[in-house]
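What the coordinates show
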Amino acid sequence: MSSYYRLKCPKCQGPMKVRASTQHHIFLRVMYLQCQYVPCSWAVKADFQMTHELAPSGKENPAVSLPIAPHAIRAQAERDNRETANTNQLDLLDAQEASA
Ligand SMILES: [Zn+2]
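Residues numbered from 1 in each chain as written. Predicted model: local features only at pLDDT ≥ 70, side-chain atom pairs only at ≥ 80, totals over all residues. Heavy atoms only, no water.

Going by an unreviewed UniProt entry, the protein chain carries the name Transcriptional regulator and comes from Pseudomonas leptonychotis.

Right, dumping it as structure tokens:
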């Protein structure tokens, strides 16, 4: 199984690669990214955090819960999903490989 992140460097719009990542909490993963455009090579720390539930799990686990997303967050997620589906980004990076 592999997963992909579409990350563009804010400095130069080049592709960003996840160089390493660590799980700090069940809802928080800290990542260290680096721009793959060599003349830029910007390196940053980033947090990937699960914050709200958009839809219930088919396998409920009472030990794992997040606040239910309010309408404004669900509506924004719908808009972002439509926008992402219409975007053809070329900078897909294998996060599994990067975190190995
Ligand atoms: Zn860059």
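Resuming the write-up.
1. Regarding the nonpolar core
Filter applied, for reference: We define a nonpolar core as any set of buried Ala, Val, Leu, Ile, Met, Phe, Trp, Tyr and Cys residues linked to one another through side-chain atoms lying within 4.5 Å. Only protein chains enter the calculation, and the probe is 1.4 Å; a residue is then buried if its accessible area is under 20% of its type maximum, exposed if over 50%, and partly exposed in between. Helix and strand assignments come from DSSP, with helices taken as H or I runs of at least 4 residues and strands as E runs of at least 2, each series counted from the N terminus.
One finds Cys9, Met16, Val18, Met31, Leu33 and Cys35 forming the largest nonpolar core, which totals six residues. For this core, the secondary structure elements donating two or more residues are strand S2 (16–25) and strand S3 (28–35). Here this core gets three residues from one element, more than from any other, and that element is S3.

2. A few points about the layout of surface pockets
Our working definition: Of the two site types, the cavity is a set of points on a 1 Å grid over the protein atoms alone where a 1.4 Å probe fits but cannot get out, and the pocket is an open set with protein on both sides within 12 Å along at least five of seven lines, each lined by residues with an atom within 4 Å of a point. Grid points are joined across faces, edges and corners, and a volume is the space filled by probe spheres set on the points. All residues other than Ala, Val, Leu, Ile, Met, Phe, Trp, Tyr, Cys, Pro, Asp, Glu, Lys and Arg, Gly among them, are scored as polar; the first ten of these are nonpolar and the last four charged.
Considering only enclosed or pocket space, the largest pocket measures out at about 220 Å³ in volume. Glu53, Ser57, Glu60, Val64 and Ser65 are, among the 14 residues lining the largest pocket, the residues nearest its centre. Split into classes, the residues belonging to the lining of the largest pocket amount to seven nonpolar, four polar and three charged.

3. Quick word on the coordination of the zinc ion
Put simply, the rule reads: Counted as donors are the N, O and S atoms within 2.8 Å of the metal, or 3.2 Å for Na, K and Ca, while water is not among the atoms, so some sites may look incomplete.
Bound to the zinc ion on the protein side are Cys9 (SG), Cys12 (SG), Cys35 (SG) and Cys40 (SG), at distances that span 2.2 to 2.4 Å. Each donor residue of the zinc ion lies on one chain, and together they are spaced C-x2-C-x22-C-x4-C. Separated by 23 residues along the polypeptide, Cys12 in the loop between strand S1 (4–6) and S2 and Cys35 in strand S3 bring together distant segments of the chain. When its relative accessible area of 3% is taken as the criterion, Cys35 is described as buried.

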